[in-house]
Amino acid sequence: MILAQLQVDYGSRATQMLPKVVPSILIFFGLIIWGFPQNNQTWAWWSAAIRSFIVAITPANADHSRYASSLGTCTLMLGIFFSRNARRFLTLPLFNFLGRVSFPVYLLHNILIRTILSWMVYGESARRIPVRNEKGELLQLGRTSPMAFIFILPIFYAVLYLVAHMWATYVEPQCGKVVDWLKDIMFKERPDSQEKLLPLPNGGSAS
């Protein structure tokens, strides 16, 4: 909400409000805080320092990694908002495309990992039934060679973003039409908008 209000108030003029070094510092610290690990925060001095800061400003027994992720993201976005170079870089056509398909990627990546990527990595062994032996131990699936990942991962990401692009191009507009259709039905004004007032027992009236 703060970023939206800043955009309304300042827009592109925000890149001239602060010295160039300030947005760079915000971006740097935003990335550091954003990288706060979910586990073993005390293993490195920088994550231990962030943990001490997060613990001091958050409620007891809070999920510190979530607070750190949110704080780091907000700091990073503030730095980008006030940085002219960061804005130019992130408005390149490639990043516009990645932003446009980011939500379809979020929706579709899990099912594609469980289907296409699993088949590419494990092949026919992924269809093994049963998955446990007579002793109840999990059976190990046959996996492709480590060198194959050099080709598997680029192919998978190409398929993922192609499917996400098709979703954004063909599926989302149809979903928008359905939502608009339902909205028109539910919020359609009645022909007789002037409803008759019925008298209440205490002498008042109600529609």
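Now for a description of the structure that goes with this document. (Residues numbered from 1 in each chain as written. Predicted model: local features only at pLDDT ≥ 70, side-chain atom pairs only at ≥ 80, totals over all residues. Heavy atoms only, no water.)

For the coordinates displayed, the defined rule picks out 2 salt bridges. Among the ionic pairs, Arg 66 bridges to Asp 63, the shortest N-O distance being 3.2 Å. Using a relative accessible area of 61% as the deciding quantity, one classes Arg 66 as exposed. Using a relative accessible area of 36% as the deciding quantity, one classes Asp 63 as partly exposed. Asp 180 is paired through a salt bridge with Lys 183; the nearest N and O atoms lie 4.0 Å apart. Here Lys 183 and Asp 180 lie together in helix H8 (residues 149–186), a separation of 3 residues that amounts to about one turn. With relative accessibility at 39%, the residue Asp 180 sits in the partly exposed group. Judged by its relative accessible area of 42%, Lys 183 falls in the partly exposed class. (Salt bridge = Lys/Arg side-chain N within 4 Å of Asp/Glu carboxyl O. Buried < 20%, exposed > 50% of the residue type's maximum accessible area, 1.4 Å probe, protein only. Helix = DSSP H or I, 4+ residues; strand = E, 2+ residues; numbered from the N terminus.)

Time to look at a nonpolar patch on the surface. Taken together, the side chains of Val 178, Trp 181, Leu 182, Ile 185, Met 186 and Phe 187 define a hydrophobic patch exposed on the protein surface, amounting to about 700 Å² of accessible area. For Leu 182, a relative accessible area of 38% puts it in the partly exposed group. (Patch = residues over 30% accessible without salt bridge, like charges linked within 9 Å, V, L, I, M, F, W, Y side chains within 5 Å. Areas by Shrake-Rupley, 256 points an atom, 1.4 Å probe, with all protein chains shown as cover.)

Once that is clear, we can look at helix H7 (residues 102–122). The sharpest bend along H7 reaches about 50° and sits at Leu 112. Turning to H7, its buried residues are Pro 104, Val 105, Leu 108, Leu 112, Leu 117, Met 120 and Val 121. Contact partners of the buried residues in H7: helix H6 (93–100) and H8. In the stretch just after H7, Gly 123 is the one whose phi turns positive, near 60°. (Bend = angle between axes of the 7 residues up to and from the residue. Contact = heavy atoms within 4.5 Å.)

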